[in-house]
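What the coordinates show
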Amino acid sequence: MISPAAEDHIIALAGGVGGAKLADGLSHLLGDRLTVVVNTGDDFEHLGFHISPDLDTVTYTLGGVANSQQGWGLEGETWGFMEQLARLGGPAWFKLGDRDLATHAYRTNRFREGATLTDVTAELSAALGVASRLLPMSDDPVRTVIHSGGRSIAFQEYFVRLACGVPVDRIEFAGTATARLNPAIGTLPDPAAVIICPSNPYLSIDPILAVPGARGWLKGLGVPIVVVSPIVGGAAIKGPAAKIMQELDAPVSALGVAAHYRGLADGIVIDSRDEALAEEIAALGIAVHVVPTVMRSKADRVDLADGCLAFARGLTRTLRANPLGLRPNRL
Ligand code: FO1
């Protein structure tokens, strides 16, 4: 049984709400043996604050303080700041809760003191009791830009202000030409596997993979890379993933997700409702694991995390048993 020994490390890639839930399940099982590399393409400057929504969503979720029904922001929020801002005629379209505001003020102030996004993320996650390590994909600015009908739209304008209401022609990750992969990645313990959480492949995972060196780093680890499909039964659990896949002419299914990650993923975890797609996915050279993947409770998050780790362990055995050590989908 070549299972990752008790001290083995796991690396996860995550973006917003869906990804954060699986990261939470993994963190519950692994604690400080988990590193989550988080998307920063949603970051923006707003009201003088540097806001990092996906880092905050992952930090709050793993810290057990996330607003469970929104997915973003804090539980038990008050909105005095937003009410007064609206009264003043300020930009009230992006909702900043009174407690959430402290995070943005803290981060912005620490930047002014010369801290990096990695430094601030470590300070915030320590303050909120997060045992796992959270790393921004880069400390350099990368911004997801939505191109629609000849217009370039900043991510939060698209996602929140326009409520994803315009068709996506192209997604650009501005800044990736010069952004450096977070140097802290070089200091991580060798992982037993990489788990790509069920975040939006186009908006939350692709920005991470677009950072120069990211794909090479992941493939060079020589361990199973397992992706969990965010598309279940032809629809997204939350957010615009299905709509975007349609607009980008990608099949809106777990098969479409597998094809998106072909050449990178060794295995994919799909929901029981998508069992019929398993054969076609396997034909892509990607191993398939079929389990319930919709996370409604903490127990669901832990169960799915456990299933992903067991699936990865199985793939480790297969990959090591393969004399050439080559992966069918990378030949
Ligand atoms: N998403 C919304 O749909 N509406 C909001 O008003 C909103 C505010 C907000 C404030 C802080 C934060 O960390 C996230 C926030 N989000 C909001 C989510 C944000 O748009 C993220 O980028 C998405 O979760 C996608 O990852």
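Definitions and limits used
Residue positions are given per chain, counted from 1 along the sequence in the order it is written. Only residues with pLDDT of 70 or above have their local features reported here, since the model is predicted, and side-chain atom pairs are shown and tallied only from 80 upward, although totals for entire chains, interfaces and linings are computed over all residues. Water and hydrogen atoms were dropped before computing side-chain values, which therefore reflect all heavy atoms in the structure. Only protein atoms enter the 1 Å grid used here. Points where a 1.4 Å probe fits but cannot escape make up a cavity, open sets with protein on both sides within 12 Å along at least five of seven lines make up a pocket, and a residue lines them when an atom lies within 4 Å of a point. Grid points are joined across faces, edges and corners, and a volume is the space filled by probe spheres set on the points. Only runs of H or I of at least four residues qualify as helices and only runs of E of at least two qualify as strands under DSSP, and these elements are numbered from the N terminus. Ten residues, namely Ala, Val, Leu, Ile, Met, Phe, Trp, Tyr, Cys and Pro, are considered nonpolar, four, namely Asp, Glu, Lys and Arg, are considered charged, and the remaining ones, Gly among them, are considered polar. Centre distance within 6.5 Å is the pairing criterion for rings of Phe, Tyr and Trp, where only the six-membered ring of Trp is used; planes under 30 degrees apart are then read as stacked, over 60 as edge-to-face, and the remainder as tilted. For every residue, the accessible area (1.4 Å probe, protein chains only) is compared with the maximum for its type, and the residue is labelled buried under 20%, exposed over 50%, or partly exposed between those bounds. Any two strands are treated as partners once DSSP identifies two or more bridges connecting them. Think of each axis as a best-fit line through the C-alpha atoms, taken over the contacting stretch in the case of a helix, with angles from 0 to 180 degrees between the N-to-C directions.

Per an unreviewed UniProt entry, the protein goes by 2-phospho-L-lactate transferase and derives from Rhodopseudomonas palustris.

Roughly 860 Å³ of volume is contained in the largest pocket. Gly-16, Val-17, Trp-72, Phe-159 and Lys-238 are, among the 41 residues lining the largest pocket, the residues nearest its centre. Mapped onto the lining of the largest pocket, the elements with two or more residues apiece are α1 (17-30), α2 (53-62), α4 (98-112), α6 (155-161) and α7 (201-210). Taken together, the residues of the lining of the largest pocket sort by class into 21 nonpolar, 13 polar and seven charged.

Right, let's get into the packing of aromatic side chains. With the rule as written, the count across this model stands at five aromatic pairs. With centroids separated by 4.8 Å and ring planes inclined at 75°, the aromatic side chains of Phe-44 and Phe-94 adopt a geometry described as edge-to-face. Here Phe-44, found in strand β3 (residues 44-46), pairs with Phe-94, found in the loop between α3 (80-88) and α4; they are 50 residues apart in sequence, far enough to count as distant. Take Phe-44 and Phe-94: they sit in the same class, and that class is buried. Considering the side-chain rings of Phe-155 and Tyr-158, the 6.4 Å spacing of their centres and the 55° angle between planes classify their relative orientation as tilted. Of this pair, Phe-155 and Tyr-158 both sit in helix α6, separated by three residues, roughly a single helical turn. Of the residues examined, Phe-155 reaches a relative accessible area of 5% and is grouped as buried. Members of the aromatic cluster, connected to one another through ring pairs, are Phe-44, Trp-93 and Phe-94.

Before going further, it helps to examine the sheet that holds strand β6 (residues 143-148). Spatially, β7-β6-β8 is the arrangement adopted by the three strands of the open sheet, whose pairing is antiparallel. Each edge of the open sheet carries a strand with a single partner, namely β7 (151-154) and β8 (170-174). In this sheet, adjacent strand axes meet at a mean angle of 30° when their direction is disregarded. Direction of pairing for β6 relative to β8: antiparallel, over a ladder of five bridges.

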